[in-house]
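# Working through the structure, step by step
Now for the letters of each chain:
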Protein chains: 4
Amino acid sequence: MTLRVGVIGAGIMGADHANTLRRSVRGADVTAVADVDLARAEAAAEGATAYDDAFALIADPAVDAVVIASHDPVHAVQVVAAVRAGKAVLCEKPLAPTLAEGRQVLREIGGPGEALLSLGFMRRFDPGYVQLRQAIDDGSIGAPVLVHNVSRGVSSAPNATSEFSITGSAIHECDVVPWLLRSPVVEVSWIAPRRSSQANEGLQDPQLIHLRTADGVLSTVETFLNARYGYVMRCEVVGENGTISLTEPARVVIEGELKRSTGYAADWRPRFADAYRLELQAWVDSVLAGAPTPLATGRDGVAASAVAEAVITSMHEGGRVTEVELP
Amino acid sequence: MTLRVGVIGAGIMGADHANTLRRSVRGADVTAVADVDLARAEAAAEGATAYDDAFALIADPAVDAVVIASHDPVHAVQVVAAVRAGKAVLCEKPLAPTLAEGRQVLREIGGPGEALLSLGFMRRFDPGYVQLRQAIDDGSIGAPVLVHNVSRGVSSAPNATSEFSITGSAIHECDVVPWLLRSPVVEVSWIAPRRSSQANEGLQDPQLIHLRTADGVLSTVETFLNARYGYVMRCEVVGENGTISLTEPARVVIEGELKRSTGYAADWRPRFADAYRLELQAWVDSVLAGAPTPLATGRDGVAASAVAEAVITSMHEGGRVTEVELP
Amino acid sequence: MTLRVGVIGAGIMGADHANTLRRSVRGADVTAVADVDLARAEAAAEGATAYDDAFALIADPAVDAVVIASHDPVHAVQVVAAVRAGKAVLCEKPLAPTLAEGRQVLREIGGPGEALLSLGFMRRFDPGYVQLRQAIDDGSIGAPVLVHNVSRGVSSAPNATSEFSITGSAIHECDVVPWLLRSPVVEVSWIAPRRSSQANEGLQDPQLIHLRTADGVLSTVETFLNARYGYVMRCEVVGENGTISLTEPARVVIEGELKRSTGYAADWRPRFADAYRLELQAWVDSVLAGAPTPLATGRDGVAASAVAEAVITSMHEGGRVTEVELP
Amino acid sequence: MTLRVGVIGAGIMGADHANTLRRSVRGADVTAVADVDLARAEAAAEGATAYDDAFALIADPAVDAVVIASHDPVHAVQVVAAVRAGKAVLCEKPLAPTLAEGRQVLREIGGPGEALLSLGFMRRFDPGYVQLRQAIDDGSIGAPVLVHNVSRGVSSAPNATSEFSITGSAIHECDVVPWLLRSPVVEVSWIAPRRSSQANEGLQDPQLIHLRTADGVLSTVETFLNARYGYVMRCEVVGENGTISLTEPARVVIEGELKRSTGYAADWRPRFADAYRLELQAWVDSVLAGAPTPLATGRDGVAASAVAEAVITSMHEGGRVTEVELP
């Protein structure tokens, strides 16, 4: 039994998903790839059908399920079309650029449609984050009081905005923090150091965010898109009796030239390659089994957007403490 | 296109392979499992055909390819039978308990049969070892001069022998060292510290081994089956300009009770789970494609056995330097 | 030439200073120890004169210089007395419990008296912090944008207050951050997660603080007096091109019971033993040489108190951003 | 009470000792420095008396005790002269270039003279090695079975010999291993990989050595004088229940250019600065107190030379297992 998957978007993320599905996920075939740039779609299709029209891919009877990795603004309309076509969808974050649009998607697809929708918050499948959550659950560090997150990248697109740093990057922490703690984010605030000269105008970089969950735990998030030196992802959960943190998952250490070093990748893919593979496998397995999605749901996606929107409100209002609009 | 795999041996290793093939390897189905203990075969088969006779599994027309994870002494005869039945074989190390028997297998299956045979030296697929080899190849540490290997386990079977420590454990270094250095082992020696009181009588534990490859590089191997404290695998390649070493691939670090700690597993499976998955995927891909095996070959298996046998000769002769009988 | 030092306060800190002066600092003798508990003074004196009256010690002609490690509230009056007696003073932080009192001390001792006064912010002598500062100065990480500080202890006194967490612990960061960055703290804010159940009533623990320096850099400080699991001190400076962080300065790593671990001390002395020794040596050397103090000065002490007071104001006013009252 | 110390030898080691005595050791003054190069002696003397004749320094009544850091071949005669002058001596390793000469020194100074003699095996004062020894003593890793030592430097003198690698470098392990284990080395062997092209002719570099102590424990020593990439010192003690190892004592970690790194020094002084300071302090304290030396003794020096000589015999005889000539 094989799930025939169509991939919308043949950029870095879409091509990576197509590749992973084709080489490392059992039970799936990539039967079609769509991109507004047909040549790019063809390159990523590796012989499968290539479309320059996402809706044509969605309508293709040789496509059972759809991965959406297109530009953020078109996610919503593509999700709605795919769900209406009765096809399971794995949509990359965000579900929609704004909270209102995300909510609109849920309304349009309705309850039964929601069962078809999964969101691509892959950190939930990263073995490190999974161990963090287990350690919280089994009480080995005591009740959590603080979570410290650091998210650094090498460089951002030349026209990145301060808001994008939230909706495009910190959105991961907006999802993973309540998932770790099993408690929704209810209140946020925002604060900024001086802007790095490496960041383009219009982008406050780095930024600091605070997320308070209903359990009272405070989570800090540093988002630094232009940290220059490498792709670095940290998460430390501080409990009443101890802490648990992600390591940097390096396989080798090099000694040379008066240094002992491990390496960082220049983008996120090596760091989360395992997480993407495990997420796609879990998605394919659940679709084939007709089982509920073990991935983040559409509602999780809307919840993350609600948090992100509150952070942006705080950003626009001088960092004031802002409540999250819960559903 | 799906490869129908039969697994011989439903012990820890065989059950693990069946499980990996069934959950994480694309292009493969487990259609049969054989074990002298039929109940154990049935448990591992998860609904596939269960046999208490390996040769019945080999003869099953619903089995295209065979994984052999039975007891060491029966590997040879099962390999010959499977190859004669025209089926691709992935045989766990060792190919045979002795060098002579290993050579006899190659003679019996002949050149065309060799093309069907792969050996399960999974470290060649461990991402860490792969990076070590790449670093040697690209010259980033200069020409190698030394390789230090440490292989520690928690405990051995109650009747383990000093020789088993070589043929059952150090055999991995007998394969991976020449693979890393691209140079055959030509000379070995053996030396022992006092025996740990944790080891049973008849087992010298730990042991130290030296392997000299044709390129003059000296490799040390510590094998300690009863190190008690965890499963630990180290490899450091020392070059003329620097070094490269495996890390312990921990995902999280825990702080508690005046300590900062990472964990060790109690056996080898978590450490090499990725390697097994990648090895099995590479094997399935190559068999389906009719391509040469990217795994260790039967000849590699015989070469490793020749090294192991020389080490045992050194052990029996007071640690004297012993040449390896090359083919 | 030997500096005859009197130590006021024979608690943990005073006894430790007396011990360090007597065993590891050249050029100094401990000629007197004072404590309200005479027996404790005698124990710490190891044969030197013991006083139950700090002012008697200050008046002792066999005392050339004074280390003040008494209870915080009496620092101010003892500093003034010692300076008026013409003796060099090394006063443990804080100079005084409140900013106003600290300023009063400076007024009372006057400009010439200030030359006799050093403050015990020992982190300035910790080799790790010194390397952080050098790395900032030599530009190896680019211009700083963020500094992350974490300060965790095992447990606090049973009647500790939220304010004490600032004046007694975070005061170190209030000094070391502007020292590292060579820029004064101008603005602060405060925020708290839920209180750990390990903390006594009346103590918000942990706490998060933000310090903004005049250069625009934002520093975060986590202060957690009852972290339970060990004494942990972190500082990471994030620059525009890279970062530099303190390591945990462990000398050995232990492997046992499925873990690989380094140890934490239960209090601050082992972590900062080197810093105390180097600070005391630098102090003795400068006093003997009649040279300006290389330690923090009285003004540095007042500056740190001004920052601490602003943090407490923010704490009392719901975390609002609060300007620091500069001199 | 001040010990007036004369330092013989104003090379790197002698100048370092003079500097440490003058700045960081209490109870000592450097009153004289001797070197065959008078200008060098003057530079290191910093105003104290400079000699170009070691025996003049020894005879100087303003010298109470002598540190010998001259060239190895003159250690013996200087030790004898200083002891005969009734002065305490701290002699850098080796006591003499050969075992026979070392023994001759002990005979010449006699039993009472031995009480005046300390050897500069500073690792015994390194806090890391001290912790290793304590862990062995307190049984926390179980009874030792193996010790792995790695000693790497950046480069050797252009005319270094294979024998020098033993007498000048591995001599430290010849002392520290029996000190750690509290058991004398009774048997050794030697083995070499191919020579690094970075080493001069006449120098086999690296080398591997095995030391077997009377307790049956086997210690391995890698000595690599031209490892190029940094000064690296490792020691791991493997016990029946666990292990304990030295860490690399880095104070900071740097992230930059896709790497996370700690630094290595280019020579041994930073690694052992603490050990030298603590050793010199202990020596000065014991001489002033008239107490037995807590440092290595002359007999320890002779014992280390006996081990080194056995290793050289093994080297010259094809690596054969060689007994150590015990006293």
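Everything below is about the structure shown above.
Residues numbered from 1 in each chain as written. Chains lettered and ligands numbered in written order. Predicted model: local features only at pLDDT ≥ 70, side-chain atom pairs only at ≥ 80, totals over all residues. Heavy atoms only, no water.

Turning to the side chain of E240 of chain C, a few remarks are in order. Inspection of the secondary structure assignment puts E240 of chain C in the loop between β11 (232-239) and β12 (242-246). Setting aside chain neighbours within four positions, we find E240 of chain C in contact with R194, R195, S196, S197, Q198, N226, A227 and R228 of chain A together with I141, G142, A143 and V145 of chain C. (Helix = DSSP H or I, 4+ residues; strand = E, 2+ residues; numbered from the N terminus. Contact = heavy atoms within 4.5 Å.)

Residues and elements named next belong to chain B. The residue V33 is located in strand β2 (residues 28-34) in this model. On the accessibility criterion, V33 (1% relative accessible area) is buried. In this structure, the C-alpha to C-alpha distance between V33 and V5, residues 28 residues apart in sequence, is 8.7 Å. Apart from residues lying up to four places away in sequence, V33 is in contact with V7, A10, A41, A44, A45, T49, A50, Y51 and L57. (Buried < 20%, exposed > 50% of the residue type's maximum accessible area, 1.4 Å probe, protein only.)

Moving on, we get to unusual backbone geometry. Looking along the chain, the bond that leaves D205 of chain A and enters P206 of chain A is cis, with omega of 5 degrees. Within the secondary structure layout, P206 of chain A lies in the loop between β8 (185-191) and β9 (207-213). A positive phi angle is found at R228 of chain A, which is not glycine, with a value near 75 degrees. On the secondary structure map, R228 of chain A appears in the loop between β10 (218-224) and β11 (232-239). Given the relative accessible area of 30%, R228 of chain A is considered partly exposed. The phi torsion at E46 of chain B lies on the positive side, around 45 degrees, for a residue other than glycine. Considering the arrangement of structural elements, one finds E46 of chain B in the loop between α2 (38-45) and β3 (49-51).

Contact with chain D, which involves 38 residues of that partner, is made by 38 residues of chain B. Taken together, both faces of the contact between chain D and chain B bury some 2,700 Å²; the carbon and sulfur share is 55%. The interface formed by chain D and chain B contains 6 salt bridges. Note that R234 of chain B and E236 of chain D form a salt bridge whose closest N and O atoms lie 2.9 Å from each other. Linking chain D to chain B there are 21 residue pairs in polar contact (both at pLDDT 80 or more). Those elements that place two or more of their residues in the side of chain D that touches chain B are β7 (144-152), β8 (185-191), β9 (207-213), β10 (218-224), β11 (232-239) and β12 (242-246) of chain D. In terms of residue count, the dominant contributor to the side of chain D that touches chain B is β7 of chain D (5 residues). Residue composition of the side of chain D that touches chain B, grouped by class: 15 nonpolar, 13 polar and 10 charged. (Buried area = accessible area lost by both parts, 1.4 Å probe. Salt bridge = Lys/Arg side-chain N within 4 Å of Asp/Glu carboxyl O. Polar contact = N/O pair within 3.5 Å; in protein donor to acceptor, adjacent residues only side chain to side chain. Nonpolar A, V, L, I, M, F, W, Y, C, P; charged D, E, K, R; others polar.)

Moving on to empty space enclosed by the protein. This structure, assessed with the given rule, holds 2 cavities of 30 Å³ or more. Here the largest cavity defines a volume of roughly 50 Å³. Together, I191 of chain B together with E187, V188, S189, H210, L211, R212, L218 and V321 of chain D line the largest cavity. Counting only elements with at least two residues in the lining of the largest cavity, the list comes to β8 and β9 of chain D. The computed volume of the second largest cavity comes to approximately 30 Å³. Lining the second largest cavity we find R251 of chain A together with D126, G128, T247, P249 and R271 of chain B. A per-class count over the lining of the second largest cavity returns 1 nonpolar, 2 polar and 3 charged. (1 Å grid on protein atoms, 1.4 Å probe; cavity = no way out; pocket = protein on both sides within 12 Å on 5 of 7 lines; lining within 4 Å. Points joined across faces, edges and corners; volume = space filled by probe spheres on them.)

Bringing the side chain of S151 of chain C into the picture now. Position of S151 of chain C among the secondary structure elements: in strand β7 (residues 144-152). Excluding its chain neighbours within four sequence positions, the residues that come into contact with S151 of chain C are R123, S169, E173, E222, T223, F224, V232 and M233 of chain C.

Here we come to the relation of the copies chain C and chain A. Its rotation angle being 180 degrees, the transformation that places chain C on chain A also includes 0.0 Å of axial translation and leaves an RMSD of 0.0 Å. Taken together, the turn and the small shift mark the pair as related by a two-fold rotation axis. Of the C-alpha atoms belonging to chain C, the one lying closest to the rotation axis is found on R320 of chain C, 4.4 Å away. Mapped onto chain A, 100% of the interface residues of chain C again fall at the interface, so both copies present the same surface. (Least-squares fit on C-alpha atoms with pLDDT ≥ 70 in both.)

The next subject is the sheet that holds strand β2 (residues 28-34) of chain D. The mixed open sheet is built from 7 strands, whose spatial order is β3-β2-β1-β4-β5-β6-β15 (chain D). Looking at the sheet topology across the chains shown, the edges are occupied by β3 (49-51) and β15 (296-297) of chain D. (Pairing = 2+ DSSP bridges.)

Residues and elements named next belong to chain C. In this fold, G318 is placed in the loop between α9 (298-316) and β16 (322-323). Look at G318 and you get exposed, because its relative accessible area is 75%. A C-alpha to C-alpha distance of 17 Å links G318 and S165, two positions 153 residues apart in sequence.

What follows covers the interface of chain C and chain A. Opposite the 38 residues of chain C that make contact, chain A presents 38 residues. Buried area between chain C and chain A, summed over both chains or domains, comes out near 2,700 Å², and the portion from carbon and sulfur atoms is 54%. For the interface between chain C and chain A, the tally reads 6 salt bridges. Here R152 of chain C makes a salt bridge to E236 of chain A, at a shortest N to O gap of 3.0 Å. At the boundary of chain C and chain A, one finds 21 residue pairs in polar contact (both at pLDDT 80 or more). Of all the secondary structure elements, the ones that give two or more residues to the side of chain C that touches chain A are β7, β8 (185-191), β9 (207-213), β10 (218-224), β11 and β12 of chain C. Considering every element that reaches the side of chain C that touches chain A, the biggest residue donor is β7 of chain C, with 5 residues.

Here the focus is the packing of helix α1 (residues 12-24) of chain B against helix α8 (residues 268-289) of chain B. Residues and elements named next belong to chain B. Their axes nearest at 10 Å, the elements α1 and α8 cross at an angle of 60 degrees. With respect to their mutual orientation, α1 and α8 come out oblique. Here α1 runs over α8; the crossing is right-handed. Between α1, through I12, M13, D16, H17, T20, L21 and S24, and α8, the contact on the second element is made entirely by W268, R269, Y276, R277, L280, Q281 and V284. Partitioned by chemical class, the residues of the contact of α1 with α8 number 7 nonpolar, 4 polar and 3 charged. (Axes fitted to C-alpha atoms, helices over the stretch in contact; angles between N-to-C directions. Parallel < 35°, antiparallel > 145°, perpendicular 65-115°, else oblique. Left-handed = near helix turned anticlockwise from the far one by under 90°.)

What follows covers the sheet that holds strand β6 (residues 117-119) of chain B. All names here are of chain B. Here 7 strands make up an open sheet; going across it, the order is β3-β2-β1-β4-β5-β6-β15 and the pairing mixed. Across the chains shown, the open sheet's two edge strands, defined by having one partner strand only, are β3 and β15 (296-297). When strand β1 (residues 3-8) meets β2, the two strands line up parallel, connected through 6 bridges. Note on β2: the bridge partner recorded for L3 is A28. Contacts between α2 and the sheet are confined to β2 and β3, with β3 contributing the most and set at about 155 degrees to the helix.

Turning to the pattern of salt bridges, a few remarks are in order. Summed over the entire model, instances satisfying the criterion amount to 100 salt bridges over all chains. Residue E114 of chain D is joined to R299 of chain D by a salt bridge in which the shortest nitrogen-to-oxygen separation is 2.6 Å. Of the two residues, E114 of chain D sits in helix α5 (residues 99-114) while R299 of chain D sits in helix α9 (residues 298-316), which places them 185 residues apart along the sequence. It is possible to trace a salt-bridge network through shared partners that takes in R152, E222 and R234 of chain A, E236 of chain C together with E255 and R260 of chain D.

Let us look at a nonpolar patch on the surface. A cluster of nonpolar side chains, F55, V74 and V77 of chain A, forms an exposed patch at the surface whose accessible area comes to about 230 Å². Among the secondary structure elements, V74 of chain A is positioned in the loop between β4 (65-68) and α4 (75-84). (Patch = residues over 30% accessible without salt bridge, like charges linked within 9 Å, V, L, I, M, F, W, Y side chains within 5 Å. Areas by Shrake-Rupley, 256 points an atom, 1.4 Å probe, with all protein chains shown as cover.)

Moving on, we come to the packing of aromatic side chains. According to the stated counting rule, one finds 8 aromatic pairs over all chains in the structure shown. With 6.4 Å between their ring centres and 80 degrees between their planes, Y231 of chain A and F272 of chain A make a pair best called edge-to-face. In this pair, Y231 of chain A sits in the loop between β10 and β11 while F272 of chain A sits in helix α8 (residues 268-289), placing the two residues 41 residues apart along the sequence. For the pair Y231 of chain A and F272 of chain A, one class covers both residues: buried. Its end group placed over the ring of F272 of chain A, R271 of chain A keeps NZ or CZ at 4.7 Å from the ring centre. The positively charged end of R269 of chain D is found above the aromatic ring belonging to W268 of chain D, 5.8 Å away from the centroid. (Phe/Tyr/Trp six-rings, centres within 6.5 Å; stacked < 30°, edge-to-face > 60°. Lys NZ or Arg CZ within 6 Å of the ring centre and 35° of its normal.)

The next thing to look at is the packing of helix α7 (residues 162-181) of chain C against α9 of chain C. Residue and element names in this part refer to chain C. At a minimum axis separation of 9 Å, α7 and α9 run at an interaxial angle of 135 degrees. The angle between α7 and α9 falls in the class oblique. Judged by the twist between their axes, the crossing of α7 over α9 is right-handed. Residues S162, E163, I166, T167, I171, C174 and D175 of α7 touch α9, and the partners they reach there are D300, A304, S305, V307, A308, V311, I312, M315 and H316.

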